[in-house]
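Coordinate inspection notes
So the chains spell out like this:
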Amino acid sequence: MDTITYQIGNGVYINLTNKCSNDCVFCERNRISGVEGYYLWLKNEPTAEMVIENLKTYDLKDFDEVIFCGFGEPTYRWNEIKEVADFAHSIGKSTRLNTNGQGNLINGYDITQEIANYIDKVNVSLNNGNSKRYNEDNHSIFGEVAFQEIQNFAKKCIEKGVHTTFSVVDCISKEEIEAARQIALAIGANFRVREEIK
């Protein structure tokens, strides 16, 4: 049976797709089949209705946040995210989107105004401080425009009042981490260094 929701701490995570516009060299899905004991490879992508029914099985007092994060890029299922986010808010839970920041390119239009309507927090994987190294490590299907688009995406989220955080994985150099931190500082995003899952 596919794992379409899973709980870590006070968050319930939504695993909507395995499709991704990146093929990052450090991505955990290249080495492991899941996270925290949850198997995350999907045979079939769930509908919004399936996710909502699954969320209803959780005790409301056991979690505070619904997080769109699985083994793929969630914004490939943007319509489903909106429907599930509406439900999450209806039961008093906040919403967070963990994304590679390429949702506008994936969907073919600027989704950031809709993000402001449905998502409380956005965590964007910046992954490096310069475009050359980003391209070498992340292999976006969108090529060289991806790195700048990620920054534009985050900036638009911030402008629309969405709590936005850039993150990098600690497998890159200290200099690259600092360059990424300066990008976050320049556009007003929060910044976090994530530990590489091995």
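The structure under discussion appears in the preceding block.
One structure accompanies this document, and this report is about it. Residue positions are counted from 1 within each chain, in the order its sequence is given. Totals for whole chains, interfaces and linings use all residues, but because this is a predicted model, local features are given only for residues with pLDDT of at least 70 and pairs of side-chain atoms are given and counted only at 80 or more. Only hydrogens and water are set aside when side-chain values are computed; all heavy atoms of the structure are taken into account.

Aromatic pairs are defined between Phe, Tyr and Trp rings, using the six-membered ring for Trp, whenever the two ring centres lie within 6.5 Å; interplanar angles under 30 degrees are classed as stacked, those over 60 as edge-to-face, and all others as tilted. Taken as a whole and judged by the stated rule, the model has 4 aromatic pairs. Ring geometry for tryptophan 41 against phenylalanine 71: centres 5.1 Å apart, planes inclined by 70°, an arrangement best described as edge-to-face. Highlighted residues: tryptophan 41 in the loop between strand E4 (38-39) and helix H1 (48-55) and phenylalanine 71 in the loop between strand E5 (65-68) and helix H2 (78-90), separated in sequence by 30 residues. Judged by relative accessible area, which is 29%, tryptophan 41 ranks as partly exposed. Relative accessible area serves as the criterion here: at 4%, phenylalanine 71 is assigned to the buried category. Ring geometry for tyrosine 58 against phenylalanine 63: centres 5.9 Å apart, planes inclined by 70°, an arrangement best described as edge-to-face. The burial state of tyrosine 58 is the same as that of phenylalanine 63; both residues are buried. To qualify as a helix, a DSSP run of H or I must reach at least 4 residues; to qualify as a strand, a run of E must reach at least 2; elements of each kind are numbered from the N terminus. Each residue gets one of three labels from its accessible area relative to the maximum for its type: buried under 20%, exposed over 50%, partly exposed in between, using a 1.4 Å probe on protein chains only.

Now for the nonpolar core. Put simply, a nonpolar core is a bunch of buried Ala, Val, Leu, Ile, Met, Phe, Trp, Tyr and Cys residues held in one set by side-chain atoms that sit within 4.5 Å of each other. Core analysis: the largest hydrophobic core is formed by 40 residues, its most contacted members being Ile14, Leu55, Phe68, Ile115, Ile119, Val122 and Phe166. Elements with a minimum of two residues in this core: strand E2 (11-14), H1, E5, H2, strand E7 (121-125), helix H6 (145-159), strand E8 (163-169) and helix H7 (174-187). Residue contacts follow a heavy-atom distance rule, with two residues in contact if any of their heavy atoms lie within 4.5 Å. If near-sequence neighbours (up to four positions away) are discounted, valine 122 is found in contact with Leu97, Thr99, Ile115, Phe153, Cys157, Val162, His163, Thr164 and Thr165. Membership of the second largest hydrophobic core comes to 7 residues, among which are Tyr13, Val35, Leu40 and Phe71.

Here the focus is the pairing of strand E9 (residues 190-194). Successive side chains on a regular strand alternate, one facing one side of the sheet and the next facing the other. Being paired, for any two strands, means DSSP has found at least two bridges between them. For E8 and E9, the ladder comprises 5 bridges, and the chain directions are parallel. If you follow phenylalanine 166 over to E9, its bridge partner there is phenylalanine 191. Between E8 and its parallel partner E9, the chain crosses via H7, and the hand of that crossover is right-handed. Handedness of a crossover is defined as follows: with both strands directed away from the viewer, a clockwise route from the first strand across the helix to the second makes it right-handed.

Note: α-helices contain 3.6 residues per turn, so residues at a spacing of three or four share the same orientation. The end-to-end C-alpha distance of H6 is 21 Å, a good match for the 21 Å that 15 residues give at a rise of 1.5 Å each. Looking only at H6, the buried set comprises Ala146, Phe147, Glu149, Ile150, Gln151, Phe153, Ala154 and Cys157. Glycine 161 lies just past H6 and shows a positive phi near 85°. To estimate the expected span of a helix, subtract one from its residue number and multiply by 1.5 Å.

Within the element layout of this structure, cysteine 69 appears in the loop between E5 and H2. Counting along the chain gives 69 residues from cysteine 69 to asparagine 138, while the straight-line C-alpha distance between them is 18 Å. Excluding anything up to four places from it in sequence, cysteine 69 contacts Tyr6, Tyr13, Ile14, Asn15, Pro74 and Asn98.

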